[in-house]
Amino acid sequence: MASSRYSFFALARNALTGHRDWQRVWRSPDPQPSYDAVIVGGGGHGLATAYYLAKEHGLTNVAVLEKGWLGGGNTGRNTTIVRSNYLFDDSAHLYEHALKLWEGLSRELNYNVMFSQRGVLNLCHDIHEARDLQRRCHANRLNGIDSEWLDRDGVLGFCPVINGDPGIRYPVYGGTLQRRGGTARHDAVAWGYARGADARGVDIIQNCEVTGMIVEKGRIKGVETTRGTIRTGKVGVVAAGHSSVIAAMAGVRLPLESHPLQALVSEPVKPAIDCVVMSNAVHAYISQSDKGELVIGAGADPYVSYSQRGGFSVIEETLASIVELFPIFSRMRMLRQWGGIVDIAPDASAIIGKTPVEGLFVNCGWGTGGFKATPGSGHVFAHTIATGEPHALNAGFTLERFASGRLVAEHGAAAVAH
Ligand code: FAD
Ligand code: PYC
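Below or above, wherever it landed, is the structure these notes cover.

Parameters and conventions
- Residues numbered from 1 in each chain as written.
- Chains lettered and ligands numbered in written order.
- Predicted model: local features only at pLDDT ≥ 70, side-chain atom pairs only at ≥ 80, totals over all residues.
- Heavy atoms only, no water.
- Near = heavy atom within 4 Å.
- Polar contact = N/O pair within 3.5 Å; in protein donor to acceptor, adjacent residues only side chain to side chain.
- Areas by Shrake-Rupley, 256 points an atom, 1.4 Å probe, with all protein chains shown as cover.
- Helix = DSSP H or I, 4+ residues; strand = E, 2+ residues; numbered from the N terminus.
- Nonpolar A, V, L, I, M, F, W, Y, C, P; charged D, E, K, R; others polar.
- Salt bridge = Lys/Arg side-chain N within 4 Å of Asp/Glu carboxyl O.
- Buried < 20%, exposed > 50% of the residue type's maximum accessible area, 1.4 Å probe, protein only.
- Expected span 1.5 Å × (residues − 1).
- Contact = heavy atoms within 4.5 Å.
- Axes fitted to C-alpha atoms, helices over the stretch in contact; angles between N-to-C directions.
- Parallel < 35°, antiparallel > 145°, perpendicular 65-115°, else oblique.
- Left-handed = near helix turned anticlockwise from the far one by under 90°.
- Pairing = 2+ DSSP bridges.
- Core = buried A, V, L, I, M, F, W, Y, C linked by side-chain atoms within 4.5 Å.
- Lys, Arg positive; Asp, Glu negative; His and termini not counted.

## Focus on the site of ligand 1
Near ligand 1 lie 38 residues; those nearest to it are Glu66, Asn74, Thr75, Thr79 and Lys372. Here a nitrogen atom of ligand 1 sits 2.9 Å away from a polar atom, N or O, in the main chain of Val210. Contact with the protein chains hides 96% of the accessible area of ligand 1, taken as 1000 Å² for the molecule alone. Contributing elements (two or more residues each) for the shell around ligand 1: helix H2 (44–57), strand S13 (257–268) and strand S17 (334–344).

As structure tokens, this is what we get:
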């Protein structure tokens, strides 16, 4: 690793020379005519998949094809909440696997992903919600996942900027706390995995849109792209809100709906809230970024769309809830708002595995909550692609479950948005 003295002078020289000698962190190769495996989608999940394919399975003749720029999809648009407090065993194990990987990720990638375990507080506002949260808290603990039930005073003690007034529209009743949960730097995760994959020989190809699938006798044979045809026997589709569009190119129908999910940030202020607070009932959540901006999010827009903006009414309702729960923030000005397209499955859980087309694999359906899964998702999907068999941790997340009825109904744990 370069010394900090070298880094300082290199930084200064680059700043003064218009970045002429800036060292690229990954190569920018032209697509080859064929690869052993092709990953469609250069978000965190696709890049993590490529990284673990190379690192753990020795599969390095791999391309990641990204229609735009790395992390320009939901990876760069999300509000970076990481937690593993899901209800059912299958999900709890998968998200906890991811959380454990998060805990060592900066070291693993030698890249600071700024993972901050500041605690995630899930609020409830009445006894019915409290029973749901308590049930999930008990289930988490049975699965070895840290989770604490806090009554109203406990909540206000942990996060004093929350409004404790019992007269508000949704007074705080209590909540659960996962202390190991928190936030991470979204771009860094994509860049760290990209650098690690590239260093192991993976070709990362941006501005390369997949426009068609080549399927012969029920087997995947390659993909058509805006930069030519690429032959391969294995394709992993990791394209979030566009997964169903891409799978349809191979004749596979996925049970997904694509919805906009919005977020916004305020002007930066001094540290004011040192944890993450979420409330399903009022469709709002908040944390503070390292820059000082309040990071605020909403529920998914109720209609199907591919517009990365979202409707004003949704954000207006969310801000009304935030102002009621946090009167201290009522005079803050909002700086930026955006949306991402999330892929929502009927049971609010991911789909990771084979499809009816041999050699075609999907990793999608993460909906409003896949950022937290990024390392775990890439890790198990790489195993699935390399071996053709599910990893023990994604065996429950098959596409067939929508025919068999063995659903993993995580609407309650899937945060504010489903
Ligand atoms: P993406 O990052 O979207 O990557 C998919 C890539 O595929 C994109 O870069 C896209 O350009 C590319 N692509 C699409 N079509 C093609 C094509 N034809 N050819 C080539 N490439 C293509 N999750 C959490 O856990 N915590 C949160 O706090 C959280 N907050 C969120 C807030 C918002 C506003 C949004 C929108 C999402 C949030 N999520 C959150 C969900 C999370 O962002 C996603 O589940 C996760 O980032 C998905 O990662 P990905 O790599 O699968 O998808
Ligand atoms: O899954 O924790 C989550 C989440 C928070 C905001 C959007 N998704």
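That covers the picture; the talk isn't over yet.
## A short note on the site of ligand 2
In the neighbourhood of ligand 2, the contacting residues comprise Thr79, Ile81, Arg83, Met278, Tyr285, Thr368, Gly369, Lys372 and Ala415. In this structure, Thr368 approaches ligand 2 through a main-chain N or O atom, which is 2.7 Å from a nitrogen atom. Between ligand 2 and Lys372 there is a distance of 2.5 Å, counted from an oxygen atom to a side-chain nitrogen or oxygen. For ligand 2, whose accessible area on its own is 240 Å², the fraction buried by protein is 95%. Classifying every residue of the shell around ligand 2 by side-chain character gives four nonpolar, three polar and two charged.

## Description of the pattern of salt bridges
The final tally for this structure, using the stated rule, is 21 salt bridges. The partner of Glu389 in a salt bridge is Lys354, with the nearest N and O atoms 4.0 Å apart. Taken together, the residues Glu389 in the loop between helix H10 (374–387) and helix H11 (401–404) and Lys354 in strand S18 (residues 351–354) connect sequence positions 35 residues apart. A relative accessible area of 40% means that Lys354 is categorised as partly exposed. The structure contains a network of salt bridges with shared partners spanning Glu96, Lys100, Glu103, Asp146 and Arg180.

## Let's talk about helix H7 (residues 186–199)
With 14 residues, H7 should cover 20 Å at 1.5 Å per step; its first-to-last C-alpha distance of 20 Å lies within 8% of that length. Summarising burial for H7: eleven of the 14 residues are buried, a large majority. Of all the residues in H7, the buried ones are His186, Asp187, Ala188, Val189, Ala190, Gly192, Tyr193, Ala194, Gly196, Ala197 and Asp198. Looking at the buried residues of H7, the elements they touch are H2, helix H3 (89–103), helix H4 (105–109), strand S8 (203–205) and H10. Looking one or two residues past H7, Gly201 carries a phi angle of roughly 105°, positive in sign.

## Observations regarding the packing of H2 against H10
Two elements in contact, H2 and H10, have axes whose closest approach is 7 Å; the angle formed by their N-to-C orientations is 55°. When the axis of H2 is compared with that of H10, the two are oblique. As for the relative orientation of H2 and H10, their crossing is right-handed in sense. Contacts from Gly44, His45, Ala48, Thr49, Tyr52, Leu53, Glu56 and His57 in H2 reach Thr374, Pro375, Ser377, Gly378, His379, Phe381, Ala382, His383, Ile385 and Ala386 in H10. Residue composition of the contact of H2 with H10, by class: eight nonpolar, nine polar and one charged.

## Quick word on the pairing of strand S16 (residues 293–300)
Most of S16 sits inside the fold, with eight of its eight residues counted as buried. Both S13 and S16 contribute to a ladder of five bridges, which runs antiparallel. Each bridged residue has a counterpart across the sheet, and for Val265 the counterpart in S16 is Val295. Two strands pair when backbone bridges link them, and strand S15 (residues 284–288) and S16 are joined in this way by four bridges, in the antiparallel orientation. The residue of S16 that forms the bridge with Ser287 is Val295. Between S15 and S16, which pair antiparallel one after the other, the connecting turn spans four residues, and Gly292 there sits at a positive phi close to 105°.

## Some thoughts on the nonpolar core
In terms of nonpolar packing, the biggest core is built from 47 residues, with Leu47, Trp102, Val113, Tyr193 and Val202 touching the most fellow members. Of all the secondary-structure elements, those providing two or more residues to this core are strand S1 (37–40), H2, strand S2 (62–65), H3, H4, H7 and H10. Counting residues per element, this core draws most heavily on H2, which supplies seven residues. Not counting chain neighbours up to four residues away, the residues in contact with Val113 comprise Trp102, Leu105, Ser106, Ala184, Arg185, Ala188 and Val189. Residues Val38, Ala247, Val252 and Leu360 belong to the second largest nonpolar core, which totals 28 residues.

## Some words on the pairing of S15
The two faces of the sheet receive side chains in turn, since in a regular strand these alternate between them. For S15, the buried fraction is high: five of the five residues fall into the buried class. Residues of S15 alternate between two faces, with Ala284, Ile286 and Gln288 on one and Tyr285 and Ser287 on the opposite face, all of them buried. Two elements, strand S14 (residues 276–279) and S15, share three bridges in a ladder whose sense is antiparallel. Paired with Val277 across the two strands is Ile286, which belongs to S15. Counting the residues between successive antiparallel strands, the hairpin from S14 to S15 contains four residues, one of them, His283, with a positive phi of roughly 55°.

## Considerations on the side chain of Glu66
Summarising the element assignment, Glu66 is placed in the loop between S2 and strand S3 (81–82). Buried and unpaired, Glu66 has Lys67 as its nearest opposite-charge partner, separated by 6.8 Å. One polar contact links the side chain of Glu66 to the main-chain amide nitrogen of Gly42, over a distance of 2.8 Å. Apart from the residues within four sequence positions on either side, Glu66 is in contact with Gly41, Gly42, Gly43, Ile205, Gln206, Asn207 and Cys208.

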